[in-house]
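# A closer look at the structure
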Amino acid sequence: QSVWGYDSDNGPERWHENYPMAKGDKQSPIEINSKDVRHDASLTPWHASYDPGAAKTILNNGRTCRVVFDDTFDRSVLRGGPLTGAYRLRQLHLHWGSSDDHGSEHIIDGEKYAAELHMVHWNPKHGNFAGALKQPDGVAVVGIFLKVGKTPKAEIKRILEEIDNIKTKGKEAPFQHFDPSILFPKSRDYWTYHGSFTTPPCEECITWILLREPIEVSADQMAKLRSLSKNGENEPVNPLVDNWRPPQPVKGRIVRASFK
Ligand SMILES: CCN[C@H]1CN(CCOCC)S(=O)(=O)c2sc(S(N)(=O)=O)cc21
Ligand SMILES: [Zn+2]
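In short, a report on the structure. (Residues numbered from 1 in each chain as written. Chains lettered and ligands numbered in written order. Predicted model: local features only at pLDDT ≥ 70, side-chain atom pairs only at ≥ 80, totals over all residues. Heavy atoms only, no water.)

What follows is about the pairing of strand S5 (residues 65–69). Of the two faces of S5, the one holding Cys65, Val67 and Phe69 is buried and the one holding Arg66 and Val68 is not buried anywhere. Both strand S4 (residues 55–60) and S5 contribute to a ladder of five bridges, which runs antiparallel. The residue of S5 that forms the bridge with leucine 59 is arginine 66. Hairpin connection, S4 to S5: the antiparallel pair is bridged by four residues, and glycine 62 has positive phi, about 85 degrees. Strand direction decides the pairing type here: S5 and strand S7 (residues 87–96), joined by three bridges, are antiparallel. Directly across from valine 68, in S7, lies its bridge partner glutamine 91. (Buried < 20%, exposed > 50% of the residue type's maximum accessible area, 1.4 Å probe, protein only. Helix = DSSP H or I, 4+ residues; strand = E, 2+ residues; numbered from the N terminus. Pairing = 2+ DSSP bridges.)

This next bit is on the nonpolar core. Counting 44 residues, the largest nonpolar core has Trp96 and Met119 as its most contacted members. For this core, the leading source of residues is S7, giving five residues. Apart from the residues within four sequence positions on either side, methionine 119 is in contact with Tyr50, Leu89, Gln91, Leu92, Ala140, Val141, Val142, Ile144, Pro180, Leu183 and Phe184. In this structure, Ala132, Val139, Phe197 and Cys205 belong to the second largest nonpolar core, which totals 23 residues. (Core = buried A, V, L, I, M, F, W, Y, C linked by side-chain atoms within 4.5 Å. Contact = heavy atoms within 4.5 Å.)

What follows is the structure in structure tokens.
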């Protein structure tokens, strides 16, 4: 069927059939090898100023669990780092595996994390989100790695508590009074490079800002995430797991680090 996904008949190896950008020269995710990274002293710290009142709903779209924010004005914005101007927070979502030893999209020095959280922002100088998708500086995504550990970060609980209300595809629940910056790790260190959406349409419009320090989740919290289903309410159960794209060719791109 033409609808893309992560199964053998509609997965990443076939996306290019309907989305030619998938075979572009600046695709994401990528593997990051510290030996190839260039420290850039000119990279300033990034700053998020998010309005908790901008959070609206949480939904299961059959491909991920997504929290949507009001991005009709500069209400929740990301600035600094490799960015010029204020980028508006539009949504956050996750990618995860079928077991704790894999699930992230970016891979760091050969290490795969259990999950990867993406906070998607767009550049209002391009008028609207659809316009921003067509620009190389249109979108900025902050990526946070999730690692299974003994001292889970409490703040992720708020998202996982909602999972029971959005078990199947198309289910949506109110999700308000939430400031996603509570999910950030202590360190602001990051890698940055230019790439694409890791799903169709695979547009190459993203400035990636990947945080070096993972946040910790518990094995139970990962199991909770894996209890989501790809299928709709009255369809056969199809677990929503392994919604990650494998690493793509770097093709000479430079990955810069804000740290030594
Ligand atoms: C499931 C589709 N995921 C897409 C949907 N959007 C893209 C544009 O859509 C146009 C209709 S998006 O901006 O929400 C977005 S960000 C990422 S990622 N993993 O690269 O952070 C993927 C996607
Ligand atoms: Zn993503």
